[in-house]
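Here is how the chains run, residue by residue.
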Amino acid sequence: MMKLIADSSANLTMLEGVTYQSVPMTIRAGERDFVDDETLDTHELLDYLAAHNGKSSTACPSLDGWLKAFEGADEIFVITITSSLSGTCASAMAARDVYLQSHPEVKIHIFDTLSTGPEMQLLAEKLAELHAKGLPFDVICEKVQEYLATTHLFFSLKSLHNLAQNGRVSKIAAGAIGILGIQILATASLEGTIQPVEKCRGEKKTCAAMVQKLLEADYHGGKVRIHHAENPEAAEALAASLRGHFPEADIEIRPCRGLCSYYAERGGVIVGFETM
Ligand code: X90
């Protein structure tokens, strides 16, 4: 049996046509530990964080979380958030080593996406598609790795507070963001880190700048996956604008689960797209 496993930053709870499992990260604030599984109320999480004045943090999945997810499958594909910003990939690799000792016949491949959210969704969809074609494990690994070189991630955030507090961006980059409607437009660098691109004032300008960046990055009508933290309006506006350029484009919008809601913060929009 084949199993496709991703950490909860992929914002997926299921995937058509495959046995899919999400392995949760945890968000910690004050007294509370929010486990990022399908029962998490992300609206309540954002409200709690808005009211909470102290420090907050996140934790990658435990070794045990991965080991449980591996059970029952003989071909396992794991998709993780960028190893440059999280210990998730390292913990998955450690779990693989442990698991293979007692299950030497099982195949496990881990993809470090150097990205997150919607780009992980694109990868998961590609994997499911290749698996449905009946391709062998190694060929799927190779083709998915090639596909990853053709997908990209851009995002617009209204606050970098949680990213800066947890050392994922510099405090300097976080500076003016959030003041007077200033948003930051950023991308995932080739190394899987956050690379600020420009500052924009207001939703309209941010949307226009996002479209321009996608076009400059060679987007020409392929799949787009938009994940948002309680900002369906901005997601819809972006989709509409892209459809103005490419009426046939396959664009899907979905809400962020916990981990991405925490870091993208209310209003954040994350866009994954393919250039092939
Ligand atoms: O291990 C952990 O505790 C998780 C740490 C995750 C840190 C970054 C999460 C970012 C989520 C924000 C915009 C997208 C950034 C992508 C950069 C490659 C969403």
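Details of the structure are given in the entry above.
Cut-offs used in this document
- Residues numbered from 1 in each chain as written.
- Predicted model: local features only at pLDDT ≥ 70, side-chain atom pairs only at ≥ 80, totals over all residues.
- Heavy atoms only, no water.
- Helix = DSSP H or I, 4+ residues; strand = E, 2+ residues; numbered from the N terminus.
- Contact = heavy atoms within 4.5 Å.
- Polar contact = N/O pair within 3.5 Å; in protein donor to acceptor, adjacent residues only side chain to side chain.
- Near = heavy atom within 4 Å.
- Areas by Shrake-Rupley, 256 points an atom, 1.4 Å probe, with all protein chains shown as cover.
- Nonpolar A, V, L, I, M, F, W, Y, C, P; charged D, E, K, R; others polar.
- Pairing = 2+ DSSP bridges.
- Axes fitted to C-alpha atoms, helices over the stretch in contact; angles between N-to-C directions.
- Expected span 1.5 Å × (residues − 1).
- Left-handed = near helix turned anticlockwise from the far one by under 90°.
- Phe/Tyr/Trp six-rings, centres within 6.5 Å; stacked < 30°, edge-to-face > 60°.
- Buried < 20%, exposed > 50% of the residue type's maximum accessible area, 1.4 Å probe, protein only.
- Lys NZ or Arg CZ within 6 Å of the ring centre and 35° of its normal.

A. How the structure looks around the environment of His-228. Its location among the elements puts His-228 in strand 11 (residues 224–228). Distance from His-228 to Cys-260, taken between C-alpha atoms, is 8.6 Å for residues 32 residues apart in sequence. Aside from chain neighbours lying at most four places away, what touches His-228 is Ala-235, Ile-253, Arg-254, Pro-255, Cys-256, Gly-268 and Val-269. Polar contacts involving the side chain of His-228 include one to the main-chain amide nitrogen of Asn-231, which spans 2.9 Å.

B. Main features of the site of the ligand. Inspection of the region around the ligand gives 17 residues, with Thr-58, Ala-59, Cys-60, Ser-86 and Arg-168 positioned closest. The contact in question runs from an oxygen atom of the ligand to an N or O atom on the side chain of Thr-58, over 2.6 Å. Take Ser-86: an N or O atom from its side chain is 2.6 Å from an oxygen atom of the ligand. In the complex, the protein chains occlude 99% of the 560 Å² of accessible area that the ligand would expose alone. Where the shell around the ligand is concerned, the elements lending two or more residues are strand 5 (56–59) and strand 8 (151–157). When the residues that make up the shell around the ligand are grouped by side-chain class, the tally is ten nonpolar, six polar and one charged.

C. Inspection of the sheet that holds strand 13 (residues 269–274) at higher detail. The strand order 10-9-8-13-11-12 describes an open sheet built from six strands, whose pairing is mixed. In this open sheet, the two edge strands, each paired with only one partner strand, are strand 10 (194–201) and strand 12 (251–255). Neighbouring strand axes in the sheet, compared pairwise and without regard to direction, differ in orientation by 20 degrees on average. One ladder, built from seven bridges, connects strand 9 (residues 182–188) with strand 10; its direction is antiparallel. What sits directly across from Ile-182, in strand 10, is Arg-201.

D. Region of the structure containing helix 9 (residues 232–245). Taking 1.5 Å of rise per residue, the 14 residues of helix 9 would be expected to cover 20 Å, and the 20 Å separating its terminal C-alpha atoms lies within 8% of that figure. Where helix 9 is buried, its residues touch helix 8 (203–216), strand 11, strand 12 and strand 13.

E. Seen up close, the packing of helix 4 (residues 117–132) against helix 5 (residues 137–148). With their axes 10 Å apart at the nearest point, helix 4 and helix 5 run at an angle of 145 degrees to one another. At the point where helix 4 passes helix 5, the crossing takes the right-handed sense. Here helix 4 contributes Glu-119, Leu-122, Leu-123, Lys-126, Leu-127, Leu-130 and His-131 to the contact with helix 5, which in turn contributes Ile-140, Lys-143, Val-144, Tyr-147 and Leu-148.

F. The packing of aromatic side chains, seen in detail. For the structure on display, the rule yields seven aromatic pairs. Ring geometry for Phe-34 against Tyr-48: centres 5.4 Å apart, planes inclined by 65 degrees, an arrangement best described as edge-to-face. Of this pair, Phe-34 sits in strand 4 (residues 32–35) while Tyr-48 sits in helix 1 (residues 42–51), and the two are 14 residues apart along the sequence. By relative accessible area, Phe-34 is classed as buried at 2%. Plain terms: the ring middles of Phe-77 and Phe-137 are 4.5 Å apart, the flat faces sit at 20 degrees to each other, and that makes the pair stacked. With Phe-77 in strand 6 (residues 75–80) and Phe-137 in helix 5, the pair connects residues that are 60 residues apart, well separated along the chain. Take Phe-137: its relative accessible area is 6%, and that puts it in the buried class. Of the aromatic side chains, those joined through ring pairs into one cluster are Phe-154, Tyr-219, Phe-246 and Phe-273. A cation over a ring is seen here: Arg-32 above Tyr-48, with NZ or CZ 5.4 Å from the ring centre. Across from the ring centre of Tyr-147, 4.7 Å away, lies the NZ or CZ of Lys-126, which sits over that ring.

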